[in-house]
Amino acid sequence: MRPVVVLSLICLVAATLLAGVNQLTIEPIKGAEKQLKMDALAEIFPFKVETVKISEENETVYYELLDGSGTLKGVGIETFTNLGYSGRINVLLAVSPEGTIYNYKVVYTKETPGLGSKLSSPKFKEQFKGKSMAPGFVWKVKKDQGDVDAITAATISSRAIIDALVRGLNLYEKKYK
């Protein structure tokens, strides 16, 4: 009977310590995650990020970037796709007030190392800058009679990024147009 009491006390102390450490780290972790998002926004917008208004709608997070007078300069949208070769790809999309793409950043992917990282290469990303949902640009890889140069040996991943960007632009149009 004595070993049961000793083990129970050890478990109680361990559980209490874990709960305490969890409570102590919740806020620092949230702060670090927020700072990572702000750094990513600064990376994908072509101007200095001054004021950010964050809103969430239907599980989508929007970052409205405002200048000193409160004028909208751009919108960051957390978008995603489940069509990646290895599953989900999360993207932070930067959109101008006119609804065109400034840039994007892949924030989560399990794509094949080496190939998946090319989704963030300047050469691949450049073909999306200034594009919108307006007619004239076909949001498909060239192999599928579209306008996007797919990454060699990563056509599925290229299609997935297109899906994430189109999803993000559609969310933008739905909310801001």
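Per chain, residue numbering runs from 1 following the sequence as it is written. With the structure being a predicted model, the display of local features is reserved for residues of pLDDT at least 70 and the display and counting of side-chain atom pairs for 80 or more, all residues being used for whole-chain, interface and lining totals. Hydrogens and water are ignored here; the side-chain numbers use all heavy atoms of the structure.

S.K.: Give me the lowdown on the pairing of strand β1 (residues 51-57), citing residues and values where you can.
M.R.: For two strands to pair, DSSP has to find at least two bridges joining them. In this text, helices come from DSSP runs of H or I with a minimum length of four residues, and strands from runs of E with a minimum of two, each type numbered from the N-terminal end. Examined bridge by bridge, β1 and strand β2 (residues 60-66) share seven bridges and lie antiparallel to one another. Looking at β2, one finds that T51 is bridged to L66. A loop of two residues connects β1 with β2, the two strands running antiparallel in sequence, and N58 in this loop sits at a positive phi of about 50 degrees.

S.K.: Pulling in residues and values, what's your account of helix α3 (residues 155-176)?
M.R.: Between its first and last C-alpha atoms α3 spans 31 Å; for 22 residues at 1.5 Å apiece the expected length is 32 Å, and the two agree. Buried means the residue's accessible area, taken with a 1.4 Å probe over protein chains only, is under 20% of the maximum for its type, while exposed means over 50%, and partly exposed covers the values in between. Taken as a whole, α3 has its buried residues at S157, S158, A160, I161, I162, A164, L165, V166, G168, L169 and Y172. Considering only its buried residues, α3 is in contact with β3 (72-84), β4 (87-95), β5 (101-108) and α2 (122-126). Multiplying one less than the number of residues by 1.5 Å gives the expected span of a helix. Between two residues, a contact is recorded if the distance between any of their heavy atoms is within 4.5 Å.

S.K.: Please give an account of unusual backbone geometry that cites residues and values.
M.R.: Residue N58 is not a glycine yet carries a positive backbone phi of 50 degrees. Here N58 lies in the loop between β1 and β2. Judged by its relative accessible area of 64%, N58 is exposed. At E59, a residue that is not glycine, the phi angle is positive and equals roughly 65 degrees. Locating E59 in the fold gives a position in the loop between β1 and β2.

S.K.: Lay out the environment of E50 with the relevant residues and their values.
M.R.: Mapped onto the secondary structure, E50 falls in the loop between α1 (2-44) and β1. Along the primary structure E50 and N170 are separated by 120 residues, whereas in three dimensions their C-alpha atoms are 26 Å apart. Not counting chain neighbours up to four residues away, the residues in contact with E50 comprise L66, D67, G68 and K73. Residues adjacent in sequence count toward polar contacts only when both atoms are side-chain atoms; beyond that, a polar contact is any pair of N or O atoms within 3.5 Å, and within protein one must be able to donate a hydrogen and the other to accept it. At 3.2 Å, the side chain of E50 and the backbone nitrogen of G68 are in polar contact.

S.K.: Run through the sheet that holds β4, naming residues and quoting values.
M.R.: With antiparallel pairing, the five strands of this open sheet are ordered in space as β1-β2-β3-β4-β5. A strand with exactly one partner marks an edge of an open sheet, and here the two such strands are β1 and β5. Each neighbouring strand pair of the sheet contributes to a mean axis angle of 25 degrees, computed without reference to strand direction. Where β2 meets β3, five bridges bridge the pair, whose relative direction is antiparallel. Bridging across to β3, Y62 finds its partner in I77. Comment: axis = line fitted to C-alpha atoms, over the contacting stretch for helices; angle = value between 0 and 180 degrees taken between N-to-C directions. In the packing of α1 onto the sheet, contacts are made with β1, β2, β3, β4 and β5, and the angle to β5 comes to roughly 145 degrees. Docked against the sheet, α3 engages β1, β2, β3, β4 and β5, running at close to 140 degrees with respect to β3.

S.K.: Can you lay out the nonpolar core for me, pointing to particular residues and giving the numbers?
M.R.: Among buried residues, those of type Ala, Val, Leu, Ile, Met, Phe, Trp, Tyr and Cys that are joined through side-chain atoms within 4.5 Å constitute a nonpolar core. Counting 27 residues, the largest nonpolar core has Y104, F124, F128, W139, I161 and L165 as its most contacted members. Of all elements in the fold, only β3, β4, β5 and α3 reach the threshold of two or more residues within this core. Ignoring anything within four residues of it in the chain, the contact list for Y104 reads I44, V91, L92, L93, L119, F124, K125, F128, I161 and L165. Among the nonpolar cores identified, the runner-up in size contains 12 residues, and M38, I44, F45 and Y63 belong to it.

S.K.: Lay out the side chain of T81 with the relevant residues and their values.
M.R.: Within the secondary structure, T81 is located in strand β3. Judged by its relative accessible area of 0%, T81 falls in the buried class. A distance of 3.1 Å separates a polar side-chain atom of T81 from the backbone nitrogen of L83. Not counting chain neighbours up to four residues away, the residues in contact with T81 comprise G87, R88, I89, A160, D163 and A164.

S.K.: A description of the packing of aromatic side chains should follow, citing residues and the corresponding values.
M.R.: For this analysis, a ring pair means two rings from Phe, Tyr or Trp (six-membered ring only for Trp) whose centres lie within 6.5 Å, classed as stacked if their planes differ by under 30 degrees, edge-to-face if by over 60, and tilted for the remaining angles. In the structure shown here, the tally under the stated rule is nine aromatic pairs. Measuring from centroid to centroid gives 5.7 Å for F45 and Y102, while their planes differ by 70 degrees, and the two rings are edge-to-face. Placement of F45 in the loop between α1 and β1 and of Y102 in strand β5 is noted, with a sequence separation of 57 residues between them. For F45, a relative accessible area of 5% gives the class buried. Here Y62 and Y176 contribute two aromatic rings whose centre-to-centre distance is 6.1 Å and whose plane-to-plane angle is 70 degrees, an arrangement assigned as edge-to-face. Here Y62 is found in strand β2, whereas its partner Y176 is found in helix α3, with 114 residues between them in sequence. Put simply, the rings of Y104, F124, F128, F137 and W139 touch in pairs and so form one group of aromatic residues. Definition used: whenever NZ (Lys) or CZ (Arg) falls within 6 Å of the ring centre and also within 35 degrees of the ring normal, the charge is taken to sit over that ring. The aromatic ring of F80 is capped on one face by R167, whose charged end is 4.4 Å from the ring centroid. The ring of Y62 is capped by K175, whose NZ or CZ atom sits 4.7 Å from the centre of that ring.

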